[in-house]
Every structure is written in C-alpha cells, then in structure tokens.
Amino acid sequence: MPDLAESMNKGYYTLLTEKVNYKVLAVIPPALAVLMLLIVAVKGIELGIDFKGGTWIEVLTANEISSETEDAITQSLIAAGFSDVKTYVGWDVGSRQNKITVATTSVVEKEEVSPILMPYIGELLDSDMATASLAEKPSADLQDRLSSILKQRIDLSYDGGVLTIIALEIDEESLESALSYATNTVIDVTVTEKNFNSRTVGPTLGKTFREQGFKAIFAAYILITIVVFIAFRSFIPSFAVLQAAICDPIIAFGCMALLGIPLEPATLAALLMLIGYSVDSDVLITSRTLKRRGYSVNENIDSAMNTGLFMTGTTIIVMIVMIIVSSTLTQIITLYNIAVVLLLGLIADLMTTWFTNAGILRWYLEVPGGRKIFK
C-alpha cells in the first residue's frame, strides 16, 4: 500500500523516467528530426500551385459527381496536355452543391478547360447571369443606365426576345427593380449564379512566393532566438526551448513528405503557427523549472507537465475534429492539410517538450557543479 500511495503522488514525468532513463528519452526527438530530414532529402516535398506555378480551378454543380466521373475528368485533362493534374470532389456548404476542384501545374485559361469540363458539369459561368423575356429590343443606353443604378459594370445582350445580363454579382430583386425603372415595364428575371472560379500563378511569381515564405520563417527564428535569450539569459535553457521550435516543424515537414501534403501558403502558415506553439509550451516548462523554488527538478517538471498536457491535449482534440469535419462534411482540402500538419506537429511537440527539453533542463540543474534545486 505505501508503494501504491507513493506512486499515486508522483507526476507523469517522474513515473515515465522511472521506466526509461531521461537521457534516452531526450535523444528520441532529435533523432526523429534527423530521420525526417533524410526522408525529405530522398523523397522531396510537393509544392502547391502558389509556390510552383499553375492553375487552380473550382466548379460548383448540381450534378452528381461519381468516382467514375472524377476519373474521367482527370483523364480528359491529362489527355488535353495538362501537367500534374489532381482532382478533388467535395461539397460546398454555402451553395449546397457538389464541388470539383482541379489543380494543375499548367497555366491554362477558362477557354481551354471549358470544353473538357462542360460535358460532365454543364455551363461554366465566372460571373452571375440573369435572363429575362423582352418583347422588343431595349434602348441602346439601357446597359449604361443599369450599370449606373446597380453601381457595377454589366454586360448586356439581346437575342430572340431574351435579354441576357452578366455581372460579377447580381441580386435578383435589385435587378428587377432597376429593369422596371429603366424600361417602365414590370420584368421578371431568372438569375444563375456563377459556378466557376480559377486562379493562375506563373512559375516566376510562384518562386517569389516561395522565397518570401522561407524568409518569413527565417525572420521568425531570428526574432524568437533573440526573445528567448533575453528572457532566460543562459545558453542551455535557451537552447532547450529553441530545439523544440526547430525539431517540431522538421518532424511535421517530414510527415508532409510521407503523406504527400503539399507545401503551400496554408501549410507554411501552419508550420509558422507550430513554431509559436512550440516556444509557448517550452517557455512554460523552462520558466516553471528554473524559477519555482522549494521543489525538486522532477516536481517542477511534473507540475508544468500537468498544465502543458492539458493545453496540448485540448488543441490536439480540436485538430482531430477539424480533420474529421474537413474530410467528411465540408471536404475542404486546404483546411484538412492545415489540421493534419498542426496535429502531427503537436504530437511531435509532446516529445520535444517533455522528452528533450525536460531532459536538458534536468541535466543542466543536476550535473555536478551545475545549478541545483532541491526540496
């Protein structure tokens, strides 16, 4: 019974290091980071459209998109000469329509892709379109008058008794009111919302984005290093904090290479967030261990670990929920990638913080001639 009571009073770190030597634990995360660097060097990392150039296309449709249709679209795009084609089928929550996303490293215009997609999806509109029945051809100044009333540029055409109006965004009620005012006739319109979006990035611009992203990471490390050294004024504790900020993104980066998650602005932002989170959790343990007097090293680490595990555990649960939602309900691939990168980085942070940082601090405070804090 005394052994059981004593065990129950011990913290997680104390119990863990009774099973495995803390120096062995401290080596695991850096070794994993080195392994991930080797994986990235061998396998490489996939770059997103924004970083290597290409075209991103998103189309909404009421048609059902089966896996066979998705494969047929992909093969048709490849046959047309588009490079590195990737097709994703999802669901758009806002419009409650099916959504198909196409990414290719080829720089293409709408006119090139429309003939391929239209047989499967229907008409592609990159602007809202409204149609109305009109017995007589409208006056020549109707387009200018409607543009003035609606406060946006519109394109107007008339053919066979049908008036067609195209604009970036059309509000049906406002358009009907404007038409009735301009023609002195009550006119009903039918609005078809745009269903086609595309974004094109040239290779040169993509390279520029990529270089700026890496400069942002470099600047972040410089600033973090300065702040950490000012805060602790000692090399070993500062190094203990910074190693996590280095190992966590490297481990997440290697996992990205293994899982085929592309490096793009969204995932780069996730890596930057991970750096900040790593520093936050490691400052917690370092401050608690160095400044909390009257307790042993293990007791201080145990105390910090209770708080740290709650913080990280809560965030991990949020990331898991985000992954489930983005992969099943919304099917937003960018949100899914961000959540996966953060989840993997947070798992890595558990090891770099409570294995390596804690081990370095324990060694620093308990080595002969070093600082010691005893109960």
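Residues numbered from 1 in each chain as written. Predicted model: local features only at pLDDT ≥ 70, side-chain atom pairs only at ≥ 80, totals over all residues. Heavy atoms only, no water.

## Structural notes on the sheet that holds strand S7 (residues 189–192)
And step 1. As summarised here, the arrangement of the four strands in space is S5-S6-S4-S7, forming an open sheet in which the pairing is antiparallel. Each edge of the open sheet carries a strand with a single partner, namely strand S5 (155–159) and S7. Strand-to-strand, the axes of this sheet are offset by a mean angle of 20°, without reference to chain direction.
And step 2. Direction of pairing for strand S4 (residues 128–133) relative to S7: antiparallel, over a ladder of four bridges. Within the sheet, the bridge partner assigned to Ala130 lies in S7 and is Val191.
And step 3. In the packing of helix H7 (residues 142–150) onto the sheet, contacts are made with S5 and strand S6 (162–167), and the angle to S5 comes to roughly 140°.
And step 4. The sheet contacts of helix H8 (residues 172–183) involve S4, S6 and S7, and relative to S7 the element is tilted by about 140°. (Pairing = 2+ DSSP bridges. Helix = DSSP H or I, 4+ residues; strand = E, 2+ residues; numbered from the N terminus. Axes fitted to C-alpha atoms, helices over the stretch in contact; angles between N-to-C directions. Contact = heavy atoms within 4.5 Å.)

## Thoughts on helix H3 (residues 22–43)
And step 1. For H3, spanning 22 residues, the distance from its first C-alpha to its last is 32 Å, which sits close to the expected 32 Å at 1.5 Å a residue.
And step 2. For H3, the complete set of buried residues consists of Tyr22, Leu25, Ala26, Pro29, Ala33, Met36, Ile39 and Val40.
And step 3. Among the structural elements, helix H2 (12–19), helix H10 (235–259) and helix H13 (333–366) are those in contact with the buried residues of H3.
And step 4. The N-capping residue of H3, defined by a side-chain oxygen 2.8 Å from the backbone nitrogen of Lys23, is Asn21.
And step 5. Backbone geometry just downstream of H3 places Gly44 in the positive-phi region, at approximately 80°. (Expected span 1.5 Å × (residues − 1). Buried < 20%, exposed > 50% of the residue type's maximum accessible area, 1.4 Å probe, protein only. Polar contact = N/O pair within 3.5 Å; in protein donor to acceptor, adjacent residues only side chain to side chain.)

## Quick look at unusual backbone geometry
And step 1. In the Ramachandran plot, Asp84 falls in the positive-phi region, its phi being about 45° despite a non-glycine side chain.
And step 2. Locating Asp84 in the fold gives a position in the loop between helix H5 (67–79) and strand S2 (86–92).
And step 3. Judged by relative accessible area, which is 55%, Asp84 ranks as exposed.
And step 4. The residue Arg233 is not glycine, and still its phi comes out positive at about 55°.
And step 5. The residue Arg233 is located in the loop between helix H9 (203–232) and H10 in this model.
And step 6. A relative accessible area of 71% means that Arg233 is categorised as exposed.

## Section: the packing of aromatic side chains
And step 1. Within the structure shown, the criterion is met by two aromatic pairs.
And step 2. For the pair Phe229 and Phe235, a centre-to-centre distance of 6.2 Å together with 40° between the ring planes defines the contact as tilted.
And step 3. For the ring pair Phe235 and Phe239, a centre distance of 6.0 Å and an interplane angle of 15° mean the geometry is stacked. Linking Phe235 with Phe239, this pair stays in helix H10, spanning four residues, or about one helical turn.
And step 4. In this structure Phe239 comes out as partly exposed when scored by relative accessible area, which is 41%.
And step 5. Feature note: the residues Phe229, Phe235 and Phe239 constitute an aromatic cluster, connected by ring pairs.
And step 6. Directly above the aromatic system of Phe196 lies the positively charged group of Lys110, at a separation of 5.7 Å from the ring centroid. (Phe/Tyr/Trp six-rings, centres within 6.5 Å; stacked < 30°, edge-to-face > 60°. Lys NZ or Arg CZ within 6 Å of the ring centre and 35° of its normal.)

Fair warning: the whole summary comes from geometry, so function is off the table for now.
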